[in-house]
Amino acid sequence: MTDTPQYRRRVGSVRPSHLMFTGGVGSLVDLPNFAVLVRGIDDWNYDAVPGWADLKEPRLLRAVNSLLAAPNSPYQVTQLRPAPWLDGADRDPNGPAAKVGVPVLPFPQWLRCTACNELGALDSSNFRFENDKPRRPDKARFFHAGCTAKRKGKPPLAVAARFVLACQAGHLDDFPYSTFVHRGGSCAAVSHPRLQMLDHGGNQAANVKLKCVNCNKERNIRDAMGPRGEANLPSCRGRHPHLSTFDPAGCEHRPKPLVIGASNQWFAQTLSVLAVPPTQGSALQGEVEKLWDTLQNATELPMLLMVWNLPQFKVLHQWAQEDVLAAVQERRAAVEAGPAAAQTSTYPDLLTPEWEIFTAPDTPDPTEDFALRDIEVPPALGGLFSHIVQAERLREVRALVGFTRLDAPDPEDPTLVTRAPLSRNRTPAWVPASEVRGEGIFLRLPEPLVADWEQRVAGTEELAAHRDAYVEFRRNRYSGRIQGNDEPLRSWPGARYIALHTLSHLLIRAISLNCGYSSASLSERIYAGREDDPRTGILIYTAVPDAEGTLGGLASLAEPEAFTRIVRRALADARRCSSDPLCAERLPHPPHEDFLHGAACHVCLFVSETTCERGNRFLDRRFIVPIGDPSLVLTQDIK
């Protein structure tokens, strides 16, 4: 693109985290006057960003490769890159910083004049673009240059036509307006007909009518909606506009019409880790990887002893030789298996190293990214918590590995929904990533307490209602589009998760009133084990990409007196809800009620979507405080 008074490059700005959650590669971003599509990473340019550096987090990089590395291919993801950015765009809107950023293209590429309702393609001569205010990229707009209904002054605004086509394979395309209004044919009057979109207001498709000016044919958009409307739409062309490609084999799926602001047009698939020091086992593996060029030849203990006393191998002397040999053999097996062996139908385990660090007998030495301090559990809270840790410094790194359309990725099965690619290469050399620094509080509950509670609620009607609701939810979630969704209780988190998750939300709401952060600035990680895995932990931490995440207000609340007061308030507030008795009596009753919470609502338990790791699902106050049957309560010792 070239800079002219009519056309500048910058059209908006977002936070780095926005590219991970709501506006990443392949997503439609609704700007004030038009919509844009974020291009694939092949078009991201770092040449004008001097001194940029990738984000270092080996544990996350290995996890990304376990999902993206192609079978039997030597290519790997080698970098986690932040978005291209250069400081100074606000100070000098005509300087080099204004030309650096995430590339986008206008999409959908059909526009409608707001004055005369003319509908036309972006590449036609009817519509032009202006962005002539250096400090006001929000004023960038398309306009209808030849509008017959324009009044004195500026030409009328042209906005994005409201509809696009998407399919479950991740393809996206413009709505076929001309073909649709002519019912699969062409205009009988001219080869390039003029169209109008008559929008009568409201959110219903029945309010939108298409008209051909040349032959006077008309058709309502409602004819394209719903199952019956599929027959009126062409087959999916397999288009990936963010990559400027079409799938060579086409697409077998039927496209679905979507409004450009629809929430199901883009779902991020991300991986997130906390930058924790390596545990004993992972530290050994890390050293073996660094020395692999030499150690790969050590197939037996005598061969290892031949190099054991070399200077570069002194770092291995903190481990027994037998343990080092075992780590070498494990590394060799992984190398011989190749990337295909790493690909599974489950996400890589990213929580175990964090759990091991938070629950270790001795806190690790503080680093720039991670610092912990054990806090004595107050006597009043001894019946509920066995371990409280003040996380004075945390660093979270998140990587975008792909995205889906129409159906959100399954939180436990990365292969259930088709993942759309970020680049034209099957295994990209890098993926977008972001990091945030903050603080937090880690809480561990006594395993005997939780295990005893699980036994008490195992056969209750209340837990059965949650379990049955999950079966119904899983059956309905993908609207019949996804195959392999026939295991009713697959990925059921269990009763333990519901209790820990509910307690986490209660504490987040109480903490936000005391720490100075809004609840939307907080996030949670639930460490809930299953079967023989005795994890019972909660981490509440700040997850915002600015100074608000490191002010110290959250970690300071882990002190005994302050935290006792917060827990008491959280449990007291949970006993009452202004929506009671409706809230207190609520239980999901499938098949008529397809939600996954019990006694919970926006008044008492729900938090923002960016805070909750499961979308405000799996919550129920009755398992934490006595609002019904007292035998269901986890503990009654807090007063």
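Before reading on, note that the structure itself is shown above.
A brief structural summary. No experiment lies behind these values; they were computed from the predicted model shown. (Residues numbered from 1 in each chain as written. Predicted model: local features only at pLDDT ≥ 70, side-chain atom pairs only at ≥ 80, totals over all residues. Heavy atoms only, no water.)

Our next topic: the overall build of the chain. Helix and strand content of the chain: 15 helices and 23 strands. Sequence-distant contacts, at least 24 apart, represent 71% of the contacts inside the chain between residues at least 6 apart. Carbon together with sulfur atoms contributes 49% to the accessible area of the chain, which is approximately 29,800 Å² in total. (Helix = DSSP H or I, 4+ residues; strand = E, 2+ residues; numbered from the N terminus. Contact = heavy atoms within 4.5 Å. Areas by Shrake-Rupley, 256 points an atom, 1.4 Å probe, with all protein chains shown as cover.)

Moving on to the nonpolar core. The tendency in soluble globular proteins is for nonpolar side chains to be buried as a group. Residues F385, L507 and I511 are the most contacted members of the largest nonpolar core, which totals 61 residues. When contributions to this core are tallied by element, the ones reaching two or more residues are β21 (430-444), α11 (447-457), α12 (461-476), α13 (495-515), β22 (522-528), β23 (536-542) and α14 (560-574). Considering each element in turn, this core owes the most residues, 12 residues, to α13. What L507 contacts, discounting residues up to four positions off in sequence, is F385, L443, I540, V567 and A570. By size, the runner-up hydrophobic cluster in this structure holds 41 residues, among which are L19, Y46, L271 and V401. (Core = buried A, V, L, I, M, F, W, Y, C linked by side-chain atoms within 4.5 Å. Buried < 20%, exposed > 50% of the residue type's maximum accessible area, 1.4 Å probe, protein only.)

On to the environment of H182. Within the secondary structure layout, H182 lies in the loop between α3 (177-181) and β12 (195-199). For H182 and C215, which are 33 residues apart along the polypeptide, the C-alpha to C-alpha distance reads 9.3 Å. Setting aside residues up to four positions removed in sequence, H182 forms contacts with C187, P193, L195, C212, C215 and K217. In terms of polar contacts, H182 uses its side chain to reach the backbone carbonyl oxygen of S178, at 2.8 Å. (Polar contact = N/O pair within 3.5 Å; in protein donor to acceptor, adjacent residues only side chain to side chain.)

Read from one edge to the other, the open sheet built from three strands follows the order β11-β10-β17, with strand pairing classed as antiparallel. Two strands in the sheet have a free side with no partner beyond their single neighbour: β11 (172-174) and β17 (256-259). The mean angle between the axes of side-by-side strands here comes to 40°, regardless of whether they run parallel or antiparallel. (Pairing = 2+ DSSP bridges. Axes fitted to C-alpha atoms, helices over the stretch in contact; angles between N-to-C directions.)

In this section: the pattern of salt bridges. Under the definition given, this model contains 30 salt bridges. The partner of D174 in a salt bridge is R239, and the shortest N-O contact between them spans 3.2 Å. With a gap of 65 residues between them, D174 in strand β11 and R239 in strand β15 (residues 239-240) connect regions that are remote in the sequence. Each member of the pair D174 and R239 is classed as buried. The residue E559 makes a salt bridge to R373 at a minimum N-O spacing of 2.5 Å. (Salt bridge = Lys/Arg side-chain N within 4 Å of Asp/Glu carboxyl O.)

This brings us to the environment of P353. With respect to the helices, strands and loops of the structure, P353 is situated in helix α10 (residues 352-358). By relative accessible area, P353 is classed as buried at 18%. Considering only alpha carbons, one finds P353 and P278, 75 residues apart in sequence, at a separation of 7.2 Å.

What follows covers the sheet that holds strand β1 (residues 28-30). In any sheet, the strands associate via hydrogen bonds between backbone groups, in a parallel or an antiparallel arrangement. Spatial strand order, β1-β2-β4: three strands in an open sheet with antiparallel pairing. Sheet topology places β1 and β4 (104-106) at the edges, where each strand pairs with a single neighbour. Mean inter-strand twist for the sheet, computed between neighbouring axes without regard to direction, equals 35°. In terms of strand pairing, strand β2 (residues 35-38) meets β4 through three bridges, oriented antiparallel. Following the sheet pairing, V36 is matched in β4 by P106.

What follows deals with the state of the cysteines. All told, the structure shown has zero disulfides when counted by the stated rule. Of all cysteine sulfurs, the one in C167 lies closest to C236, which takes part in no disulfide; the gap is 3.8 Å. Relative accessible area serves as the criterion here: at 13%, C236 is assigned to the buried category. Looking at C604, it has no disulfide partner, and the nearest cysteine sulfur is the one in C583, 3.6 Å off. Given the relative accessible area of 8%, C604 is considered buried. (Disulfide = S-S within 2.5 Å.)

Let us now look at α12. With 16 residues, α12 extends 22 Å from end C-alpha to end C-alpha; this agrees with the ideal 22 Å at 1.5 Å per step. Along α12, the positions that sit buried rather than exposed are E462, L463, A465, H466, A469, Y470, V471, E472, F473 and R474. Along its buried surface, α12 packs onto α11 and α13. (Expected span 1.5 Å × (residues − 1).)

Here we come to the environment of F358. Relative to the helices and strands, F358 is located in helix α10. F358 sits 15 residues away from R373 along the chain, and the two C-alpha atoms are 9.9 Å apart. Contacts of F358, omitting those with residues within four sequence positions, involve L274, F370, L372, H387, V389, L394, F442, Y527 and L539.

Here the focus is the packing of aromatic side chains. Two aromatic rings, taken as a pair, are described by how far apart their centres are and by the angle between their planes. Per the counting criterion, the structure on display carries 23 aromatic pairs. Ring centres of W110 and Y177 lie 5.3 Å apart, and the angle between their planes is 50°; this geometry places the pair in the tilted category. With W110 in strand β5 (residues 110-113) and Y177 in helix α3, the pair connects residues that are 67 residues apart, well separated along the chain. Between the aromatic rings of Y470 and F618, the centroid separation amounts to 6.1 Å while the plane-to-plane angle is 45°, which identifies the pairing as tilted. With a gap of 148 residues between them, Y470 in helix α12 and F618 in the segment after α15 (582-585) connect regions that are remote in the sequence. (Phe/Tyr/Trp six-rings, centres within 6.5 Å; stacked < 30°, edge-to-face > 60°.)

With that settled, consider α14. The first and last C-alpha atoms of α14 sit 21 Å apart over 15 residues, in line with the 21 Å expected at 1.5 Å per residue. Where α14 is concerned, the buried positions are A562, F563, T564, I566, V567, A570, L571 and A574.

In this section: the pairing of strand β10 (residues 163-166). Judged by which residues are buried, β10 turns out to be covered on both faces: F163 and L165 on one side and V164 and A166 on the other are all buried. Relative to β17, β10 runs antiparallel, the two being bridged by four bridges. Looking at the pairing, F163 lines up with V259 of β17. Bridging between β10 and β11 involves three bridges; their strand directions are antiparallel.

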